[in-house]
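For reference, the chains in residue letters:
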Amino acid sequence: MSTDAMFYGLRSRRDATHRQLTAGDGFTYCKSEWMESTRDPLLSPTVFLVEQPPGSCLRTHFHAQNEFQVVVQGSGTLGPHALSPGLIHYATAYTGYGPLVAGPEGLSYFTIRAVFEAGAYFIPEHREMLQRGPRHQFHAGPVVPTDGAPMHLNAHEAQVPEPLAANADGSASAAAIRLGPGAQACLPAFSLSVAQFVLVLEGELQCGNQTLGAWESLARTERDAELYVSAGAAGALAVVLALDARDSRYTDLPAGHSPAQSVPASTQSKNPNDT
């Protein structure tokens, strides 16, 4: 993959990939891919949306890649933490988290990774697959007001990302941009990470010739360059997420150690991205 590529996560891809899935323990949910690049094991930006029905529970698990999750709709809990729109969660590879329990109106969140991965490793049945190495997670936000009031976006809002949280070595970070109508933001270089993502929560963002609406996203891998984006007529609220590939001290699991996969809840053929 080119190290200076740009990728977009668009609603049109959601419409083409949206499906209902059932995990081995009976957990049923909906999933849709919004951004997919390649299956490159070193760099393959990925964004997908998970929609949990009311009261559903995704058990404690871990993944083999670093990831962000951003709540965009509904409510629920992640372990002891309350979830609401605009809440951000980060976890490094081989860091267990959960359970993810949806509230009475369901729970929808984007999962964002710099490297593609399908499936999940559940605890306790996959505990022996946990690897020694640095483990870290953090929460940030919520970026969207918790009282449900509309954002007051105006031309006087700051035009640089507002830092929210980061891990100790700076290789993963979360920030927010709040722009008034037509205002511009400068996204900084991210030399400590391999990819930078922008997820629009409200309004519209213009990046070159591409307009991104609510829930749409971009990913860029040109680490040493700034990027300018501008808001649409109603302003924009977005999160800026930078993350690295997993720590080099981790290795691929031996053959035969596969993550748990979900299967379509209908008779449609299995999608290779099902998790």
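Here the structure is a predicted model, which is why all the values come from computation and not from measurement. (Residues numbered from 1 in each chain as written. Predicted model: local features only at pLDDT ≥ 70, side-chain atom pairs only at ≥ 80, totals over all residues. Heavy atoms only, no water.)

A. Up close: the overall build of the protein chain. Assigned secondary structure in the protein chain consists of one helix and 20 strands. Residues classed as buried in the protein chain amount to 53% of the 275 residues present. When contacts within the protein chain are restricted to residue pairs at least 6 apart in sequence, long-range pairs at least 24 apart make up 76% of them. As displayed, the protein chain has an accessible area near 11,700 Å², and 53% of this comes from carbon and sulfur atoms. (Helix = DSSP H or I, 4+ residues; strand = E, 2+ residues; numbered from the N terminus. Buried < 20%, exposed > 50% of the residue type's maximum accessible area, 1.4 Å probe, protein only. Contact = heavy atoms within 4.5 Å. Areas by Shrake-Rupley, 256 points an atom, 1.4 Å probe, with all protein chains shown as cover.)

B. Main features of unusual backbone geometry. In this structure, Pro-99 follows Gly-98 across a cis peptide bond, with omega equal to -5°. Tracing the sequence through the fold places Pro-99 in the loop between strand 9 (88–91) and strand 10 (100–113). That bond from Gly-141 to Pro-142 is cis: its omega, 10°, falls within 30 degrees of zero. Residue placement: Pro-142 occurs in the loop between strand 12 (137–140) and strand 13 (162–166). Positive phi is not limited to glycine here, since Tyr-94 has a value of about 60°. Here Tyr-94 lies in the loop between strand 9 and strand 10. Classification of Tyr-94 as buried rests on a relative accessible area of 0%.

C. Highlighting the nonpolar core. Residues Phe-68, Ile-88, Phe-110, Phe-197, Leu-201 and Leu-241 are the most contacted members of the largest nonpolar core, which totals 35 residues. Discounting residues that sit within four places of it in the chain, Phe-110 has contacts with Trp-34, Val-47, Phe-48, Leu-49, Phe-68, Gln-69, Val-70, Val-72, Leu-199 and Trp-215. Membership of the second largest hydrophobic core comes to 19 residues, among which are Leu-21, Phe-48, Val-50 and Phe-122. (Core = buried A, V, L, I, M, F, W, Y, C linked by side-chain atoms within 4.5 Å.)

D. Region of the structure containing the packing of aromatic side chains. Scanning all chains against the criterion turns up nine aromatic pairs. With a centroid separation of 6.1 Å and 85° between ring planes, the pair formed by Phe-110 and Trp-215 is classed as edge-to-face. Of this pair, Phe-110 sits in strand 10 while Trp-215 sits in the loop between strand 17 (210–212) and strand 18 (217–220), and the two are 105 residues apart along the sequence. With respect to burial, Phe-110 and Trp-215 carry one shared label: buried. Through a chain of ring-to-ring contacts, the aromatic side chains of Trp-34, Phe-110 and Trp-215 assemble into a single cluster. If you follow Lys-31 out to its NZ or CZ, it ends over the ring of Phe-48, 4.4 Å from the centre. Geometry around Phe-116 places Arg-39 over its ring, the cationic atom sitting 4.0 Å from the centre. (Phe/Tyr/Trp six-rings, centres within 6.5 Å; stacked < 30°, edge-to-face > 60°. Lys NZ or Arg CZ within 6 Å of the ring centre and 35° of its normal.)

E. Representation of the confidence of the model for the protein chain within the structure. Summing up the model confidence of the protein chain, the mean pLDDT is 87 and the portion of residues at 70 or higher is 85%. This model gives residues 266–270 a pLDDT under 50, and the stretch forms five contacts once residues within four places in sequence are excluded. (pLDDT = per-residue confidence, 0-100.)

F. Local environment of the environment of Gly-55. Residue placement: Gly-55 occurs in the loop between strand 4 (46–52) and strand 5 (57–58). Each C-alpha atom, one on Gly-55 and one on Gly-76, is 8.4 Å from the other, the two residues being 21 residues apart in sequence. The residues contacting Gly-55, other than those within four sequence positions of it, are Ala-102 and Gly-103.

G. Just the pattern of salt bridges, in detail. Counted under the stated rule, the structure contains nine salt bridges. Residue Arg-19 pairs with Glu-33 through a salt bridge whose shortest N-O separation is 3.0 Å. Taken together, the residues span a long stretch of sequence, with Arg-19 in strand 2 (residues 19–22) and Glu-33 in strand 3 (residues 28–36) at a distance of 14 residues. Judged on exposure class, the residue Arg-19 and its partner Glu-33 are both buried. (Salt bridge = Lys/Arg side-chain N within 4 Å of Asp/Glu carboxyl O.)

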